[in-house]
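Working through the structure, step by step
In case you want the letters, here they are:
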Amino acid sequence: MGDWIWKLVFAIVVIGCSVSCFCYGNWIKRQKKAVGFWANKPFEEDRITDISGYNRECGMIFQMFSPAPGLAGVAMLLSFEILSVAILGLWATIGILLLIRAYKSIEKKYMV
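All residue numbers here refer to positions counted from 1 along the written sequence of the relevant chain. It should be noted that, the model being predicted, local features are given only for residues of pLDDT at least 70 and side-chain atom pairs only at 80 or more, the latter also being counted only at that level, while totals for whole chains, interfaces and linings use all residues. Excluding hydrogens and water, the side-chain values take into account all heavy atoms of the structure.

Focus on the environment of E107
What counts here: Starting at the N terminus, helices and strands are each numbered in turn, a helix being any DSSP run of H or I of at least four residues and a strand any DSSP run of E of at least two. Relative accessible area decides the class of each residue, using a 1.4 Å probe on protein chains only: under 20% of the type maximum gives buried, over 50% gives exposed, and in between gives partly exposed.
Counting through the fold element by element, E107 comes out in helix α4 (residues 81-110). On the basis of relative accessible area, E107 is assigned to the buried category, the value being 14%. On a C-alpha basis, the gap between E107 and W91 in space is 22 Å, while along the polypeptide they are 16 residues apart.

Let's talk about the pattern of salt bridges
Applicable threshold: Salt bridges are defined by distance alone: a side-chain nitrogen of Lys or Arg within 4 Å of a carboxyl oxygen of Asp or Glu.
In the structure shown here, the tally under the stated rule is four salt bridges. Linking E81 and K7 is a salt bridge whose minimum nitrogen-to-oxygen distance equals 2.5 Å. Within this pair, whereas E81 is found in helix α4, its partner K7 is found in helix α1 (residues 3-29), the two being separated by 74 residues in sequence. What makes K7 buried here is its relative accessible area of 13%. Through salt bridges that share partners, D3, K7 and E81 make up one connected network.

Quick word on the packing of aromatic side chains
What counts is decided by this rule: Pairing of aromatic rings covers Phe, Tyr and Trp, the last counted by its six-membered ring, and requires centre-to-centre distances within 6.5 Å; plane angles under 30 degrees mean stacked, over 60 mean edge-to-face, and any other angle means tilted.
Tallied over the full model, the rule gives three aromatic pairs. Judged by centre distance (5.7 Å) and plane angle (15°), the ring pair of Y24 and W27 falls under stacked. Here Y24 pairs with W27, and both are found in helix α1, just three residues apart, close to one helical turn. Ring plane angle 70° and centroid distance 6.3 Å describe the contact between Y54 and Y103, whose orientation is recorded as edge-to-face. Taken together, the residues span a long stretch of sequence, with Y54 in helix α2 (residues 51-65) and Y103 in helix α4 at a distance of 49 residues. A relative accessible area of 2% means that Y103 is categorised as buried. Put simply, the rings of Y24, W27 and F62 touch in pairs and so form one group of aromatic residues.

Quick look at the state of the cysteines
This is how the line gets drawn: Note that a disulfide, as used here, is simply two cysteine sulfur atoms within 2.5 Å.
A full pass over the atoms with the stated rule returns zero disulfides. C17 takes part in no disulfide bond, and the closest cysteine sulfur to it belongs to C21, at a distance of 8.4 Å.

What about the packing of α2 against α4?
This is how it is decided: Think of each axis as a best-fit line through the C-alpha atoms, taken over the contacting stretch in the case of a helix, with angles from 0 to 180 degrees between the N-to-C directions. Each angle gets one of four labels, with under 35 degrees taken as roughly parallel, over 145 as roughly antiparallel, 65 to 115 as roughly perpendicular, and the rest as oblique. By definition, residues are in contact when any of their heavy atoms lie within 4.5 Å.
Taken N-terminus to C-terminus, the directions of α2 and α4 make an angle of 170°; their axes are 10 Å apart at the nearest point. Viewed along their axes, α2 and α4 adopt a mutual orientation that is roughly antiparallel. From α2, G53, Y54, R56, E57, C58, I61 and F65 reach across to α4, where they touch W91, G95, L98, L99, A102, Y103, I106, K109 and Y110.

Quick notes on α2
This is how the line gets drawn: In this scheme, a helix's expected span is set at 1.5 Å multiplied by one less than its residue total.
The end-to-end C-alpha distance of α2, which contains 15 residues, comes to 22 Å, matching closely the 21 Å that a straight helix rising 1.5 Å per residue would cover. Residues G53, Y54, N55, E57, C58, G59, I61, F62, Q63 and F65 constitute the buried set of α2. Buried positions along α2 lie against α1, α3 (67-77) and α4.

Focus on the nonpolar core
The line we're drawing: Nonpolar cores are built from buried Ala, Val, Leu, Ile, Met, Phe, Trp, Tyr and Cys residues. Side-chain atoms within 4.5 Å join them into one set.
In this structure, F37, I48, Y54, C58, I61, Y103 and I106 are the most contacted members of the largest nonpolar core, which totals 17 residues. For this core, the secondary structure elements donating two or more residues are α1, α2 and α4.

What follows is the structure, encoded as structure tokens:
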């Protein structure tokens, strides 16, 4: 009986992460000042040529990668535990590499 509680908790957490990531992407898109992407990298706003374009594309990165945790949560609720773990595993490995690649292309496009 307790097994479904952990599935529900897992689903709530990862779906919450998915929704908050999507909302954060929306917030980034609407900012007038450039928003730094990496938390531990010094951000040089004066190097950005088009702030609205930069923010729009950075926000889209967050929105593109936000559905994966939500899908993993739904898969867990439907008792597809292995699929759920596989989705998160791919998201955390291949997804992060794709995210880095996407951000590097944004840097080339919008930074001097």
